[in-house]
Structures are given as structure tokens and as C-alpha cells.
2 protein chains.
Amino acid sequence: MEQSHIVKSFDDELKLINTTLAEMGGMAEAQLTKAVRALVTRDADLAREVVAEDSKIDALETELDRDAIRIIALRQPMATDLRMVITALKTSANLERIGDYAKNVAKRTITLIEMQPVGNTAHTIERMAELAQGLVGSVLDAYVKRDLAAADDVRMRDEEIDQLHTSLFRELLTHMMEDPHSITACTHLLFIAKNIERIGDHATNIAEYVHFMVSGETPDDERPKGDETSQTIITS
Amino acid sequence: MEQSHIVKSFDDELKLINTTLAEMGGMAEAQLTKAVRALVTRDADLAREVVAEDSKIDALETELDRDAIRIIALRQPMATDLRMVITALKTSANLERIGDYAKNVAKRTITLIEMQPVGNTAHTIERMAELAQGLVGSVLDAYVKRDLAAADDVRMRDEEIDQLHTSLFRELLTHMMEDPHSITACTHLLFIAKNIERIGDHATNIAEYVHFMVSGETPDDERPKGDETSQTIITS
């Protein structure tokens, strides 16, 4: 085997990992969008589709992990290449979790459709999901382009989702107190909102890995946080 | 440098990773126990201590990741050794999340202490936490001993936590309907219970990595799941 062939094949293998990661990211984004669309349009079939599709993301994670480990074992990549493979491993775990959150949104949506809708909350959730999806898209773009500034920007943008989450949390608690019949529905909406807030957190996790991949350093500055739900008290 | 010295040093480096992982695991377990103790005894100082201590687990994750990447780059481990280092990387990410969940339990406990206690729910949560802590302890033990059967056992034992979570979820929803003044407190308790259920999930994630580390295969059998909260409807 010629040296150039080995080098070419190594690049191909790295590209394969990135293709799988892009596919996982695209699917995770699509799953989130569909799950929230199902919530807004009260479409149980669409929600069931999201639940069924999740295993495809899981399968891609297994495939990517296997490829990454094979590359490390056979190619022994150094410096940036090694950091890229490690980042891909960590990113795939985060994308798999994002897929799980989208699936959970879809499961709760199937339950919610059997109940009365709660005010305009589904639209606030849709807005949160758009922001979260934007973060996932941006951070994967930053990964592909090895763009430190774009990755750091994602870490800062997560705050807006946190703020929407805090205000929705207060709104849902108030709604439950005013109309105890809505308690089950509001609880599922609280968890849906929390799932989407977590998707934003996973995007920022990936942003930290990309920062590490490009610079070799872990970002040590604290990012701004706007989620105050754990300190919230609403009295009737 | 003699060959034997290199080999010895490589083993030492692997041991260092395992020591850091054991330390992270011990801290994560202790944080969970303290957070739930603070909830049961309504001890805000203890809860604040948990919040303050979390950054130590984060720092250990950064340290372990750096050591693991250095080992891969400099020692180029093969087969089981490589799988062990990759498993350590994935496990550290899961332990860091477990620490985050314990911190969130502590934060919500600080908020809850300002409100009336809700029945006997804190004790059910304590029982869930004991089970979750047992899973974390067992899975780290399985990692150290490279014990496939013990790792698979952890994956099966998670179901009991899920079942307690489902029954507590129903109890808290019913409580909110009967006493709307308890809605804020019950909501924080719902999220605390969810955090502990997630800790169980992270222990099973680690169990899957240990399975992979020992056997080289990803477990493909579906583990039993007892969490039905996303399908729960309580009508008053």
C-alpha cells in the first residue's frame, strides 16, 4: 500500500465521521421541528412518526462511535486530528440525547392531544424550539468549519432560550393555580419546555467541545445563564 | 528510556484515569446523598454546600479528559486498553451530568424550604435516590472489575427507579389538584424526581459503555423500562 493511499484513506475516514455527524445533526433538528409542529397542530400521527424515527439516530451514534474508535486504533491521529475524533465522539453522544428529548416532546404531545389546549403556550414552545434548532445548526456548522468564534457565539445565544423557559415556567404555574383542571396538561408542557431548554444546553456542550477541538483549550469563562426556574415561587 | 519503564508508566497512566473516575463517582454519589438529605431535613445550608461543591466534579472531568487524550496520543493503546480509555471519556461526561442533577436537586431544595412540605413525598424521593446511588456505585464497580454481568445487571435494575418515579408523578399531580396552593412546591418536587430518574438513566448509559469495553459489542437488547410519566393523565 502506498503512503499517499494511506493518507487519502485517512482523510476519507475523517470525512465519513463528519458525514455521519452531519446526518445525525440534520435528523435531530428535523425531529425537534416535527415534534413541536405535532404539538402546535395537535397531530398525533406526526408525533408517533417522531417516536418511531428516534432509533435511527441511536443507530448512527453506534456507527459513528465504531468508526471513530477504528480510526484512533488504526490511524493513530495526532493533535488536531485526534481532538477532532474525540470531539466527534462527544458530539454524537450529545446529538443522541437531543434526539431523545425530541422523542420525549413527541410522546408527551400524544398525551396532550387528549386534553384541552392550554392558552397560547404551544406557540411559545415553538419559538423556544426554533431557537434551539438554530443553536444545533450553528454549532454543527462551527464544527465543520472549525470556527472558534461561531462556537463561542452559540454558547452566548443559549441565554435567550433560558429566559423564554423561565417566563413560560411562571405562566404555566399561574395557569395551573387558576384552573386546576389544566394541571396534567400544564405539567406535560412544563416538561416539554424543559426538554427544549436541555436541547439548548446540549448545543452549548457541543460548542465547548468545538472550542476545545480548534484551540486545544477548554473554555473557562462562565457563560451567561437566564434559567431561573429552579428558584421560582408563584403564590396564588 | 527502557521498555519496562515505558510499560510501567503506561499502566500507571491508566490507573491514574481510573483513580480520577473513582473520585468523580464517589463525589457524584455523595452530592446526591447530601442533596436529598438536605431535602428531607429541610437544611438550606447543606443544599448550598452541594451547589458550591459541583464545580469540583466539573474540574475532575476536564482533568480526566486531558489525561485520556494524552494517553491516546502518546501511548496509542490498542483493543481493550483503547476501549477502556474511550469508556472513561464517556463515563466522565455521564458522571459530570449526574453531579449537575444533584446540584439541581439542591437548588430546588433551597426554594422548597421556603414553602410548606408536601406530604411524605420527600421520603419517596429519598428511596429513589438510594436506588440511583446504588446503581452509580455498582456500575463504577463493574467498570473497575471489567465485569460484564454486573454491568448488565445495572441496566436491569434501573426499572425500579422508573416505577417509583411513575407512582410519585401520579401522587404529586393528584396533590396539586386537591390543594392548588401546593402547585409550586409539587412542581419543584416533580423536577427533583425527574432529576433522580435521569441519574438512573446515566448509570445505565455507563453500564452500556462498560458492556462495550469488556465485550467489544454494544448491547442490543432493549432494557425494561418502567417510566410511564410521559403518558400519564390524572383527571380531577
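Residues numbered from 1 in each chain as written. Chains lettered and ligands numbered in written order. Predicted model: local features only at pLDDT ≥ 70, side-chain atom pairs only at ≥ 80, totals over all residues. Heavy atoms only, no water.

S.K.: Tell me about the packing of aromatic side chains, residues and numbers included.
M.R.: On inspection of all chains with the given rule, the structure shows three aromatic pairs over all chains. Arranged with centres 6.2 Å apart and planes meeting at 45°, the rings of A:F169 and B:F191 form a pair that is tilted. One end of the pair, A:F169, is in helix α5 (residues 148-178); the other, B:F191, is in helix α6 (residues 183-215), on a second chain. With respect to burial, A:F169 and B:F191 carry one shared label: buried. Note on A:F191 and B:F191: the rings are 4.5 Å apart at their centroids and 25° apart in plane angle, and the pair reads as stacked. Linking A:F191 in helix α6 (residues 183-215) with B:F191 in helix α6, this pair reaches from one chain into another. Judged on exposure class, the residue A:F191 and its partner B:F191 are both buried. An aromatic cluster is present here, built from A:F169, A:F191, B:F169 and B:F191 joined pairwise through their rings. (Phe/Tyr/Trp six-rings, centres within 6.5 Å; stacked < 30°, edge-to-face > 60°. Helix = DSSP H or I, 4+ residues; strand = E, 2+ residues; numbered from the N terminus. Buried < 20%, exposed > 50% of the residue type's maximum accessible area, 1.4 Å probe, protein only.)

S.K.: An account of the interface of chain B and chain A is needed here, citing residue identities and associated values.
M.R.: At the interface, 45 residues of chain B touch 45 residues of chain A. In total, about 3900 Å² of surface goes out of reach between chain B and chain A, with carbon and sulfur atoms giving 65% of it. Inspection of the region where chain B meets chain A yields four salt bridges. Two residues, B:E61 and A:K90, come together in a salt bridge whose shortest N-O distance is 3.8 Å. In this assembly, chain B and chain A are joined by eight residue pairs in polar contact (both at pLDDT 80 or more). Looking at the side of chain B that touches chain A, the elements that each hand over two or more residues are α2 (44-75), α3 (79-112), α5 (148-178) and α6 of chain B. Of the residues forming the side of chain B that touches chain A, the biggest block, 12 residues, is contributed by α3(B). Its residues assigned to classes, the side of chain B that touches chain A comprises 21 nonpolar, 15 polar and nine charged. (Contact = heavy atoms within 4.5 Å. Buried area = accessible area lost by both parts, 1.4 Å probe. Salt bridge = Lys/Arg side-chain N within 4 Å of Asp/Glu carboxyl O. Polar contact = N/O pair within 3.5 Å; in protein donor to acceptor, adjacent residues only side chain to side chain. Nonpolar A, V, L, I, M, F, W, Y, C, P; charged D, E, K, R; others polar.)

S.K.: Requested: an account of the packing of α6(A) against α6(B), with residues and values cited.
M.R.: One can describe the packing of α6(A) onto α6(B) by two numbers: an axis separation of 12 Å at closest approach and a directional angle of 50°. What the angle tells us is that α6(A) and α6(B) run oblique. Remark: the crossing between α6(A) and α6(B) carries right-handed chirality. Judged by residue contacts, A:I183, A:T187, A:L190, A:F191 and A:K194 of α6(A) engage B:I183, B:T187, B:L190, B:F191 and B:K194 from α6(B). (Axes fitted to C-alpha atoms, helices over the stretch in contact; angles between N-to-C directions. Parallel < 35°, antiparallel > 145°, perpendicular 65-115°, else oblique. Left-handed = near helix turned anticlockwise from the far one by under 90°.)

S.K.: Now, about the pattern of salt bridges: what can you tell me, with residues and values included?
M.R.: One pass over the full model with this rule turns up 36 salt bridges over all chains. A network of salt bridges, in which partner residues are shared, links A:E61, A:D65 and B:K90.

S.K.: Go over the relation of the copies chain B and chain A with me, naming the residues and quoting the values.
M.R.: Superposing the two chain copies requires a rotation about an axis and a translation along that axis. When chain B is brought onto chain A, the operation consists of a screw motion whose angular component is 180° and whose axial shift is 0.0 Å, with 0.0 Å RMSD remaining. Both copies of the chain, as the preceding transformation shows, are related through a two-fold rotation axis. Of the interface residues in chain B, 100% have counterparts in chain A that sit at the interface too, so the contact is made through matching surfaces. (Least-squares fit on C-alpha atoms with pLDDT ≥ 70 in both.)

S.K.: For α6(B), give the residues involved together with the corresponding values.
M.R.: What sets the pattern is the α-helix's 3.6 residues per turn: residues three or four places apart point alike. All names here are of chain B. Over its 33 residues, α6 runs 48 Å from end to end, which matches the ideal 48 Å to within 8%, given 1.5 Å per residue. Judged by how many residues are buried, α6 sits mostly within the fold: 29 of 33 residues are covered. G216 occupies a position one or two residues after α6 and carries a positive phi of about 80°. (Expected span 1.5 Å × (residues − 1).)

S.K.: A description of the nonpolar core should follow, citing residues and the corresponding values.
M.R.: One broad trend across soluble globular proteins is that nonpolar side chains are buried collectively. With 154 residues, the main nonpolar core has A:I196 and B:I196 as its most contacted residues. Each residue touching B:I196, except ones within four places of it in the same chain, is listed here: B:L32, B:V36, B:V105, B:I125, B:M128, B:A129, B:A132 and B:I161. (Core = buried A, V, L, I, M, F, W, Y, C linked by side-chain atoms within 4.5 Å.)

S.K.: Please set out the side chain of B:R108 residue by residue, giving values where relevant.
M.R.: Structurally, B:R108 can be placed in helix α3. Put simply, B:R108 is tucked away with no salt bridge, and the nearest opposite charge, on A:D227, sits 6.4 Å away. Beyond its immediate stretch of four places on either side in the chain, B:R108 contacts A:F169, A:K194, A:T229, A:S230, B:H188, B:F191, B:I192 and B:N195. (Lys, Arg positive; Asp, Glu negative; His and termini not counted.)

S.K.: Tell me what's going on with the packing of α3(B) against α6(B), and back it up with residues and numbers.
M.R.: Put simply, α3(B) and α6(B) touch, their axes get as near as 9 Å, and they point 170° apart. Comparing their axes, α6(B) and α3(B) come out roughly antiparallel.

S.K.: Any chance you could break down the environment of A:I206 for me, citing the residues and the numbers?
M.R.: All names here are of chain A. Structurally, I206 can be placed in helix α6. According to the relative accessible area criterion, I206 is buried, its value standing at 0%. In this structure, the C-alpha to C-alpha distance between I206 and Q231, residues 25 residues apart in sequence, is 27 Å.

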